[in-house]
Amino acid sequence: MTLILQPFNYSMCKKLASKRFTEARLLNKKRLYSGAYYLGGYVIELALKACYCRNVKKSSFPPERGIYNKLYSHDLNNIKIMSSFIKETYGDNPPMWAQ
């Protein structure tokens with residue numbers, strides 16, 4: 001079985017984050033907390049990836065291999081750095097959890 005990765009963009013990440021958020025809420029409502037928690041983390045990951053996509057030019061896709069590998073990972077530290085969310089939100093004084 002071959003996994004085919006689609007190039008992602010802002011609207012795709014936003015749409016997927018919204019869909020997974022709805023699913024996480026339904027799982028939470030059904031008291032399936034571990035599944036809701038898992039999907040909640042995925043929602044955050046997709047939202048950060050959407051921030052990255054919003055901040056780069058379309059002509060820069062696909063990104064260079066190092067950036068591509070970081071974006072297709074599930075390492076939130078790499079993704080939050082790539083999204084520049086922390087820097088934009090907190091400037092040079094990020095909270096302890098973001099360091």
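Asker: Explain the overall build of the protein to me, using residue names and the numbers behind them.
Answerer: Looking only at helices and strands, the protein features five helices and zero strands. The buried share among the 99 residues of the protein stands at 25%. Taking all contacts inside the protein whose residues are at least 6 apart in sequence as the whole, residues at least 24 apart take part in 54%.

Asker: Talk me through the environment of Gly41; I want residue IDs and the actual numbers.
Answerer: Considering the arrangement of structural elements, one finds Gly41 in helix H2 (residues 33-55). Overall, the relative accessible area of 30% leaves Gly41 in the partly exposed class.

Asker: Lay out helix H1 (residues 10-29) with the relevant residues and their values.
Answerer: End to end, H1 covers 28 Å across 20 residues, agreeing with the expected 28 Å (1.5 Å per residue, within 8%). Turning to H1, its buried residues are Cys13, Ala17, Arg20 and Ala24. One side of H1 carries all its buried residues, which in axial view fall inside an arc of 75 degrees. In H1, those exposed residues whose orientation departs by more than 90 degrees from the buried face are Lys15, Arg25, Leu26 and Lys29. Against the buried residues of H1 lie H2. After H1 finishes, the residue Arg31 shows a positive phi value of roughly 65 degrees.

Scoring rules and cut-offs
Residue positions are given per chain, counted from 1 along the sequence in the order it is written. With pLDDT at 70 or above as the cut-off, local features in this predicted model cover only qualifying residues; side-chain atom pairs require 80 or more to be listed or tallied, and sums for whole chains, interfaces and linings still use all residues. Here the side-chain values reflect all heavy atoms present in the structure, with hydrogen atoms and water set aside. Segments assigned H or I by DSSP are reported as helices when at least four residues long, segments assigned E as strands when at least two residues long, and all are numbered from the N terminus. Burial classes follow relative accessibility: with a 1.4 Å probe on protein chains only, a residue under 20% of its type's maximum area counts as buried, one over 50% as exposed, and anything between as partly exposed. Contacts are assigned to residue pairs with any non-hydrogen atoms lying within 4.5 Å of each other. How far a helix is expected to stretch is found by multiplying one less than its residue total by 1.5 Å. Starting at the helix axis, one direction is taken to each C-beta atom, and the arc is that of these directions.

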